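So the chains spell out like this:
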Number of protein chains: 2
Amino acid sequence: METAPQPAFDLQDFLPYLLNQAAEATSRAFQTTYRAAYGMTRTQWRILANLGKFGAMTARDICAISHIEKTKVSRAVATLTAQGLITRSASPKDRRAELLALTDRGRTVFADLGQHAIRHDDALRAAIGQDAAASLHVTLRRIIALAEAPAKTGLPGQLAVNTPRSI
Amino acid sequence: METAPQPAFDLQDFLPYLLNQAAEATSRAFQTTYRAAYGMTRTQWRILANLGKFGAMTARDICAISHIEKTKVSRAVATLTAQGLITRSASPKDRRAELLALTDRGRTVFADLGQHAIRHDDALRAAIGQDAAASLHVTLRRIIALAEAPAKTGLPGQLAVNTPRSI
DNA sequence: CTGTAATAGTTGCATATGCAACCAAGTCAA
DNA sequence: TTGACTTGGTTGCATATGCAACTATTACAG
């Protein structure tokens with residue numbers, strides 16, 4: 001007997017794979033910008049951008065918002081602090097937590113990179129078409145939301161594996 | 001004077017960022033599968049999947065198809081070989097190159113993981129809706145294609161940065 | 001042929017990451 | 001209060017990764 005007539009798996013149709021390739025391609029392109037200009041890493045740039053957008057907050061908040069590993073945040077914050085881009089001040093409410101905020105220089109850097117990012121994003125949207133870009137935006141957000149609140153979906157937990165909080 | 005009225009940058013609308021989050025969320029969920037079952041890494045799984053889909057080929061081909069760094073491929077291939085999942089044989093045409101192919105066990109593993117992957121992908125598509133999934137698929141491919149052939153697009157090279165081949 | 005440039009892969013090294021274990025501070029019931 | 005449990009962050013360690021330098025071939029101009 002031959003093997004059962006299972007549908008063959010094609011990596012080129014596997015969404016996680018395609019998402020990764022697209023993410024890598026677009027992120028790496030922009031990475032050269034903040035890397036060349038400020039020697040920043042992807043994680044650092046994201047934390048800077050989050051602080052720039054939402055204002056002062058704690059490392060824990062950054063983790064919750066951006067889904068970056070706690071240790072990754074911890075180390076990136078240490079580096080950003082050393083570079084004088086952010087300050088850490090003990091939270092008045094909880095002495096365990098530290099409030100993170102951009103310094104003047106941090107704000108300047110954010111403003112600069114933010115403009116580059118906008119141009120980069122515009123170029124990408126133009127290249128794939130505004131309609132496709134808009135719908136991509138919506139779908140990506142939905143996927144991210146699914147991973148965030150797995151319990152609310154009808155998913156068999158496939159997407160939810162290894163989300164420590166939920167166990 | 002206040003700062004110029006530049007549009008504020010919002011990370012939550014930045015496609016590279018959203019792509020990364022979605023890619024991470026979906027890939028990590030599936031990662032637990034091949035990791036728990038075969039102790040494989042993401043790169044290893046992808047190489048296995050490429051060989052499973054396209055048949056024997058050289059490391060160079062894998063790089064071209066999957067856009068994985070050559071050193072990453074080199075090391076993953078070494079590991080996969082050590083695990084008895086693939087074999088390497090000198091290419092008859094070019095003594096520098098080595099032809100990579102799945103072993104019987106490699107094919108078995110690929111078949112197994114492939115089925116899991118299909119189920120995983122189906123769950124994801126169902127969760128976001130078939131229409132959205134289909135259009136996502138198309139858009140992602142387009143983005144990937146843009147990065148591959150930057151010269152053909154009207155892009156100002158934004159997406160094309162650091163593609164060694166092109167310089 | 002012969003010397004130079006390009007190519008397939010590998011490896012050294014410095015950095016980035018993930019996970020588990022670990023502090024210190026807060027919470028809460030009894 | 002006190003003692004068990006949770007939570008914000010950090011650190012140790014093993015692994016993964018990126019880039020540059022290097023070896024072995026192959027390609028090719030003259």
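This text goes with the structure placed above it.
A. Structural view of the pattern of salt bridges. As enumerated under the stated definition, the model contains 18 salt bridges over all chains in all. The shortest N-O distance in the salt bridge between A:R60 and A:D61 comes to 3.9 Å. When the shortest N-O distance is used, the salt bridge between B:R96 and B:D94 registers 2.8 Å. Judged by relative accessible area, which is 26%, B:D94 ranks as partly exposed. Because the salt bridges share partners, they merge into one network encompassing A:E24, A:R28 and A:R42.

B. Highlighting the protein's contact with DNA strand D. Near DNA strand D lie 21 residues; those nearest to it are A:T58, A:R60, A:S74, A:R88 and A:R96. The sugar-phosphate backbone supplies 64% of the atoms of DNA strand D found within 4 Å of the protein. Within the side chain of A:R60, an N or O atom sits 2.4 Å from a phosphate oxygen of DNA strand D. Looking at the surface near DNA strand D, the elements that each hand over two or more residues are helix 1 (15-38), helix 3 (59-66) and helix 4 (70-82) of chain A together with helix 4 (70-82) of chain B. Ranked by the residues each element gives to the surface near DNA strand D, the list is headed by helix 4 of chain A, at four residues. Each residue belonging to the surface near DNA strand D can be placed in one class, and the counts come to two nonpolar, five polar and 14 charged.

Calculation notes
Residues numbered from 1 in each chain as written. Chains lettered and ligands numbered in written order. Predicted model: local features only at pLDDT ≥ 70, side-chain atom pairs only at ≥ 80, totals over all residues. Heavy atoms only, no water. Salt bridge = Lys/Arg side-chain N within 4 Å of Asp/Glu carboxyl O. Buried < 20%, exposed > 50% of the residue type's maximum accessible area, 1.4 Å probe, protein only. Near = heavy atom within 4 Å. Polar contact = N/O pair within 3.5 Å; in protein donor to acceptor, adjacent residues only side chain to side chain. Helix = DSSP H or I, 4+ residues; strand = E, 2+ residues; numbered from the N terminus. Nonpolar A, V, L, I, M, F, W, Y, C, P; charged D, E, K, R; others polar.

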